[in-house]
Amino acid sequence: MFRAVLYTQWKWTRPVILLAVLVAGYIPVNALRSMSYKSAGTYYIPSLYQSITSASVNYQLLALAVAVVVAISAWQADGQRQHVYALSLPVPRWQFVLLRFAAGAALLGVVAVAVGLFGGVAAAIAPLPAMLHAYPAGLAVRFWLGTLIPFALIFALLASNPRRVKLVVAGVATIVVVDMLLAMVGTTDKPLLVGWFLDGLYAGNGPLAAFLSKWMLIDV
Amino acid sequence: MCERRLLLAVVLAGVFAGVSPLAGQSVVPAGTSDSALAQRAAKLRERARLLDDSLKALRAASADSGLTVVVEAEGLRVRTTTTLRPDATAALGVALADARPLLGAQLDSLSRHMTLTLREQRSTMRLRFSSLIGRTGVPTESYIASATLDGAMDALPLPSVGLHYPLDRAELAATLVMQFERAAAQRVPPALSSWLNKRLPLRAEHRKEDAELFRMLATSNAAVVRRCVAGDRDACRTGFALDSMPTDRVASWYETSDLPALAGIAGDASQRGELYRAFGADGQAQCTVQRQLDVCRRMVALLPLEAFQVPMPVVARLSLARTALEMGGPAALERLRSSDTTSIGAQLAAAAGASSEALLERWMKRVIGARPSSPLPNAVFVLASLAVIAVCLGWAMRGQPWK
């Protein structure tokens, strides 16, 4: 059953996954190509470090983009057919959802493996200065976890009751509007709830905190 | 029209000449002697000075209005307002407790010579959020918008520090410690004070800061700094300029590959201007962008010796000095003050009560030991992520999208 679900989702997302793998290969090459490959001595460490820091943002954007597309693809066909096919399958709903999620996570894992593999190859070809080291495996794990979180959020939103989704979206929109109105009439200095919401997502151990830290292929 | 303008200009010139201090000359009766004129000018100057002083006094009195409270702890007095008193009292206690272990008896002496003032900064304008044009200013009743901490050490002013209001007591305590650091730096030999950027580090450093310091040093512009954190103790000595400044600073501190960056950042504004005049934008780009090392060498050769400062960043120098103070204990500052040596290394060694080699070894062990580990996500982050994923999955499994 899993193989069938995986194959179906692979068919739906194949172009995006392949493109993501290509981008995963391009990012480290782009980050390292401005450096001289003649010898380690000709590297200019601060600019190399800056280049790798910029590449970390590209990895994050790639992770976010591929997670969103894979999550939407997982439910798009079912949504168009009113979930009739999914309901006719001889498996409980929860098991089917689990299979879909596992298939999506596996596909994201393919991109994460590509990130680690291409990063490792690029770092091996480029003669790194003594103080810097490549961490392709660490980057791949971080990338995979980083993709799974937005994937899970969107996946859950699309798999739940549309009425409940509408309620959640309407509730959030109302809170945002009220918060901004309070700030505009001077009751509060600035929109507080939006700030708290974003802090909750990104600060400390929030679900999207991974996107604020650097995803460094090469570090000290 | 032109004649009218000319007439207006003449009239205005006459009016302004009438109020000008020089105007007195035009109404001086004929036959007045030079000495009388000089006396009159001196009187006018004296009067202007008195008016200026009065204005300054009035401004100071206005700024000091409301400073009716004096918070005192261990001999240190902080003038402040009634509103800020609780924060000042709490933060002063914390700051003194932080500074005492390193300053020892010197803290009492510093306290006697220091004066601190925590002022309210009031405003009658409040910024209001607007989704269309960002923020707009709205007139309002006077309220405390922020606070400032001013200080002086033996009547020499310390830089003023602005603080957000409502005050964060931890931030205020840290600011007080920073003022202690600046005051204490006035008591160390001038060369060392300058080396430390006029601060004697009293604040405890955390392991996370050491890790960031390691990262900064390992990716530094200067080869000697990178060699230092790679474990080369001689490189650390040179990079800190502990013994003396090298004669050929470029050769001692930098490698050939560092020259493009060095040529791009070394020197002050006027020295950079000289470089620009000599090489032009394209010439400079040949070094900094195209990395033509012979152009870089010529650019660097054009800069004077002073353009190349001690390559170890100030943060690292403060960290080394802090290590010396920790090793030396409460008497470290006293030993540092009484040290009659000229080299930075010997002064810090005197403070540490150990050899400069032992001091360097301890600092290197600490910083190198704080090297950041692999960028693999930590366990807390992994668990938090998995928890979020599990919640989302549970939500999805209970969903009935066909309804």
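The rules behind the values
- Residues numbered from 1 in each chain as written.
- Chains lettered and ligands numbered in written order.
- Predicted model: local features only at pLDDT ≥ 70, side-chain atom pairs only at ≥ 80, totals over all residues.
- Helix = DSSP H or I, 4+ residues; strand = E, 2+ residues; numbered from the N terminus.
- Buried ≥ 20, exposed ≤ 12 C-beta atoms within 10 Å, placed from the backbone.
- Domains from an automatic or database assignment.
- Contact = placed C-beta atoms within 7 Å.
- Nonpolar A, V, L, I, M, F, W, Y, C, P; charged D, E, K, R; others polar.
- Axes fitted to C-alpha atoms, helices over the stretch in contact; angles between N-to-C directions.
- Parallel < 35°, antiparallel > 145°, perpendicular 65-115°, else oblique.
- Left-handed = near helix turned anticlockwise from the far one by under 90°.
- Expected span 1.5 Å × (residues − 1).

### Side note on the overall build of chain A
Broken down by element type, chain A carries 7 helices and 2 strands. For chain A, the succession of helices and strands along the chain, N to C, is α-α-α-α-β-α-α-α-β. Considering only C-alpha atoms, chain A reaches an extent of 60 × 55 × 25 Å along its principal axes. Buried residues in chain A amount to 39% of all 220 residues.

### A few points about the domain arrangement of chain B
All names here are of chain B. Per the domain assignment, the segments of chain B are domain 1 (69-187) and domain 2 (207-369). Placing a centre on the C-alpha atoms of domain 1 and another on those of domain 2 gives a separation of 33 Å. Contact residues are listed per partner, giving 8 residues for domain 1 and 7 residues for domain 2. The residue makeup of the side of domain 1 that touches domain 2, split by class, is 5 nonpolar, 2 polar and 1 charged.

### Description of the interface of chain B and chain A
Tallying the contact residues gives 39 residues for chain B and 47 residues for chain A. Looking at the side of chain B that touches chain A, the elements with two or more residues in it are β3 (114-130), α8 (207-218), α12 (259-265) and α19 (379-397) of chain B. Counting residues per element, the side of chain B that touches chain A draws most heavily on α19(B), which supplies 12 residues. Per-class residue counts for the side of chain B that touches chain A are 24 nonpolar, 9 polar and 6 charged.

### Observations concerning the packing of helix α4 (residues 93-125) of chain A against helix α5 (residues 136-159) of chain A
Residues and elements named next belong to chain A. Running from amino to carboxyl end, α4 crosses α5 at an angle of 155 degrees, the nearest separation of the two axes being 8 Å. Viewed along their axes, α4 and α5 adopt a mutual orientation that is roughly antiparallel. Our pair here, α4 against α5, has a crossing hand that is right-handed.

### Quick word on the packing of helix α10 (residues 233-240) of chain B against helix α18 (residues 356-369) of chain B
All names here are of chain B. One can describe the packing of α10 onto α18 by two numbers: an axis separation of 11 Å at closest approach and a directional angle of 100 degrees. On the basis of the axis angle, α10 is roughly perpendicular to α18. Between α10 and α18, the contacting residues are Arg233, Cys236 and Arg237 on the first element and Leu360, Glu361 and Met364 on the second. Per-class residue counts for the contact of α10 with α18 are 3 nonpolar, no polar and 3 charged.

### Notes on the environment of A:Leu182
Residues and elements named next belong to chain A. With respect to the helices and strands, Leu182 occurs in helix α6 (residues 162-185). According to the C-beta neighbour criterion, Leu182 is partly exposed, with 17 such atoms within 10 Å. Residues Leu182 and Leu98, spaced 84 residues apart in sequence, show a C-alpha to C-alpha distance of 42 Å.

### As for helix α6 (residues 169-185) of chain B
Helix length check: α6(B) (17 residues) gives 24 Å between terminal C-alpha atoms against 24 Å at 1.5 Å per residue, within 8%. Counting buried positions over the 17 residues of α6(B) gives 13, a clear majority of the element.

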